[in-house]
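# Commentary on secondary and tertiary structure
Chain by chain, the residues run as shown.
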Amino acid sequence: MANDSKTWRCGKYELSFDRPRIMGVLNVTPDSFSDGGEHFDPDAAIEYGLAMLDAGADIIDVGGESTRPGFTPVNPDEEARRVLPVVRALAKEGAIVSIDTRHVAVAKAAVRCGASIVNDVTGFTDPKMVEFVATSTCGVIVMHAGEVAAPARTHATVQLDTSAAAFVAEKAREAAAEAAREAEKPARRRRGKLLGEPKTEAKLPGGVVQPSLPFGDPEPAPEPTGEQKQETPAAEQATPAAEAAATPEPAPEPSDHLAAMMRRSARREEAYVPTSQLRRFTLPDSAPIMRRVMGFLSDQARALIHAGVSRDRICIDPGPGFGKTANEDIVIQRETAKMASLGYPLMCAVSRKRFVGAVSGVTEAAERDAATFGVCLGAIQAGANIVRVHDVTGFAQFLNGYWAVAKPQPRRAFVAVGSNLGHRCDNIRAARDMIAEIPLTCVSNCSRIYESEPAYETRQDAFANAVIEIKTELAPLVLLDELMKIEAELGRDRSKKAKVNGPRTIDLDLLWMDGETHGGKKLRLPHPLIGERDFVLVPLEDLMHDPARFFRYNGVEVKGPEDRVGHIVGELGRM
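Residues numbered from 1 in each chain as written. Predicted model: local features only at pLDDT ≥ 70, side-chain atom pairs only at ≥ 80, totals over all residues. Heavy atoms only, no water.

Moving on, we get to the overall build of the chain. Within the chain one finds 18 helices and 20 strands. A separation of at least 24 residues holds for 72% of the contacts in the chain among residues at least 6 apart in sequence. Accessible area for the chain stands at about 28,300 Å²; split by element, carbon and sulfur atoms hold 53% of it. (Helix = DSSP H or I, 4+ residues; strand = E, 2+ residues; numbered from the N terminus. Contact = heavy atoms within 4.5 Å. Areas by Shrake-Rupley, 256 points an atom, 1.4 Å probe, with all protein chains shown as cover.)

Here the focus is the pattern of salt bridges. Applying the stated criterion across every chain yields a total of 33 salt bridges. Here Asp 18 makes a salt bridge to Arg 21, at a shortest N to O gap of 3.3 Å. (Salt bridge = Lys/Arg side-chain N within 4 Å of Asp/Glu carboxyl O.)

Running from amino to carboxyl end, helix H1 (residues 42-55) crosses helix H2 (residues 76-92) at an angle of 35 degrees, the nearest separation of the two axes being 9 Å. The hand of the H1/H2 crossing is right-handed. Only Pro 85, Val 86, Ala 89 and Leu 90 of H2 make contact with H1, whose side of the interface consists of Pro 42, Ala 45, Ile 46, Gly 49 and Leu 50. (Axes fitted to C-alpha atoms, helices over the stretch in contact; angles between N-to-C directions. Left-handed = near helix turned anticlockwise from the far one by under 90°.)

Each pair of aromatic rings is reported with the distance of its centres and the angle of its planes. Using the criterion set out here, one finds seven aromatic pairs in the structure. Ring pairing ties together the aromatic residues Phe 414, Trp 512, Phe 550 and Phe 551, which thus form one cluster. The lysine or arginine in question, Arg 311, covers the ring of Tyr 344, its NZ or CZ lying 4.1 Å from the ring centre. Above the face of the Trp 403 ring, Lys 407 is positioned so that its terminal group lies 5.9 Å from the ring centre. (Phe/Tyr/Trp six-rings, centres within 6.5 Å; stacked < 30°, edge-to-face > 60°. Lys NZ or Arg CZ within 6 Å of the ring centre and 35° of its normal.)

Running from N to C, helix H13 (residues 369-382) and helix H14 (residues 392-406) point in directions that differ by 45 degrees, and their axes come no closer than 11 Å. Our classification of the angle between H13 and H14 gives oblique. For the element pair H13 and H14, the recorded crossing hand is right-handed. For the pair H13 and H14, contact is made by Phe 373, Cys 376, Leu 377, Ile 380 and Gln 381 and by Gly 394, Phe 395, Phe 398, Leu 399, Tyr 402 and Trp 403, respectively. When grouped by side-chain class, the residues that make up the contact of H13 with H14 number nine nonpolar, two polar and no charged. (Parallel < 35°, antiparallel > 145°, perpendicular 65-115°, else oblique. Nonpolar A, V, L, I, M, F, W, Y, C, P; charged D, E, K, R; others polar.)

Spatial strand order, S12-S7-S6-S5-S4-S3-S14-S13: eight strands in an open sheet with parallel pairing. Since the sheet does not close on itself, it has two edges, and those belong to strand S12 (314-317) and strand S13 (347-348), each with one partner. Of the strand pairs in this sheet, strand S3 (residues 21-27) and strand S4 (residues 59-63) are connected by five bridges, and their pairing is parallel. What sits directly across from Met 23, in S4, is Ile 59. (Pairing = 2+ DSSP bridges.)

This part is about the layout of surface pockets. With a probe scaled to a water molecule rolled over the atoms, the places where space remains empty come into view. Computed from the structure, the second largest pocket encloses a volume of approximately 980 Å³. Along the walls of the second largest pocket sit 40 residues, with Arg 494, Asp 507, Asp 509, His 527 and Arg 533 positioned nearest its centre. When residues of the lining of the second largest pocket are traced back to their parent elements, those giving at least two are strand S15 (411-419), strand S18 (463-472), helix H16 (476-489), strand S19 (507-513) and helix H17 (534-540). Looking at the lining of the second largest pocket residue by residue, the classes come out as 18 nonpolar, eight polar and 14 charged. (1 Å grid on protein atoms, 1.4 Å probe; cavity = no way out; pocket = protein on both sides within 12 Å on 5 of 7 lines; lining within 4 Å. Points joined across faces, edges and corners; volume = space filled by probe spheres on them.)

Here Cys 348 shows up in strand S13. Take Cys 348: its relative accessible area is 2%, and that puts it in the buried class. With 31 residues separating them in the primary sequence, Cys 348 and Ala 379 have C-alpha atoms 6.8 Å apart. Discounting chain neighbours no more than four positions away, the residues touching Cys 348 are Gln 333, Cys 376, Ala 379, Ala 384, Ile 386, Val 387 and Arg 388. (Buried < 20%, exposed > 50% of the residue type's maximum accessible area, 1.4 Å probe, protein only.)

Looking now at the pairing of S19. Of all seven residues that make up S19, seven are buried, and the element is covered over most of its length. Across six bridges, the pairing between S15 and S19 is antiparallel. Across the sheet, residue Ala 416 finds its bridge partner in S19, namely Asp 509.

Turning next to unusual backbone geometry. Residue Pro 526 follows Leu 525 across a cis peptide bond; omega there is -10 degrees. Following the sequence through the fold, Pro 526 ends up in the loop between S19 and H17. At Leu 440, a residue that is not glycine, the phi angle is positive and equals roughly 60 degrees. Considering the arrangement of structural elements, one finds Leu 440 in the loop between helix H15 (424-435) and strand S16 (441-446). Residue class for Leu 440 comes out partly exposed when judged on its relative accessible area of 39%. Even without being a glycine, Tyr 456 presents a positive backbone phi close to 70 degrees.

Here you go:
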């Protein structure tokens, strides 16, 4: 299940999987399959990315090249021009940003701009990409993109002849062919195998062998020898001119391996027609498919580890829709538990894919969100840790509803409480009692109430401050909404005319929550100003040993007492 002990280190962030994590899709492209052009403008993309964070996304996956079936490859310079302003702006707001790219130059630039994850659809089969991530601290997503069916084999026409002379002649030809093969063996280049396909190999740092992309076409049948050509009846030997007239010239394949594979995949889907041939089973055998997918993912993960990437930085993704038919995608999704058993964080990236439309009967990609949620739920139950979706708002609601009833999971959190209007201590106690009434939440401990100097806006009355320790099963953004309702009920003025740090009846700040890192305009976790507020750190000493050390360990910069704001000047009593 998703609430396991795996963690994923991504630069300065560390993601735990006590609950599934949501990755929001942000395509800065004009031609993506379901939302092409909607966020092509950088400002529109940034605004949408922030909205996804506020809706519940844990990660934003930014891509500047569509990899839909039949896509046109994008120049790395153009891809960088599209994505870098978006990556920079979202990272500045505390977001965990993933760069969806197969170009090492784009990955390098994005990481410099603040991206914490490199999501490579070609599975780090480029040695230069491996070399780059080995020298960085970013998280990596290894994706399988390629056909999983056994390569089709071509066969020469066989004519049966029962005569003794034909039998002797056939044996002689076989002996000659075998002798020719034996003579060629010393000169033949050694070939490796990746998932049952011919491949070329490249050396990575440390001598690690890097397999080729799993995109290749089946090897062509060998050309017939001169003797075989002579034995072919004249009526069956077509001239080149006749062949050109009889066969229309095919459209040229793109030189880009991924584009070629996706174009073949699209043609395979379009060319499929039902036949009268009877099949015994509704789906193909899972064993050969999973050998190829899991073999590739585990091989690539090991190659990354040998190159210097620590295991806890690696996430795997079976790549639904990339070179796979609907039947094959369903087989792979049903085997999610086997992929989770590899021990790496597992991505479920099925959002609005063709096979989701096939099983739900929904033709339009943008209308497949409800079916997507169903497939994702099955993957989560089988062990998927990260769900990549287009509709973050809908899926966050779906996941929060499911998780609340299916997974008892109380987590520790701290809420700072302050007041400098009216009866300050009574306001704080009223807020405490109302927090205890929040669904799936209880108050487990409270600090004493302290008096502090006003911070930031100094021309106002002194504050009463405390920190409340709670346990909650709510998602952070849901808990924040409940805290804001309490503020409104107790008379907090959040209108535009009110000063941000001015006088208030009550102020509730969610400071920290176990296992949660979040960025955006609405909520930042841990609270970005916690390390400079004396009126927060001193009350926390009542609830934990050495809060400064605790938050430094969690990546928060904590200032010394003399450099803080809102210094504590006295004690006002207990809760």
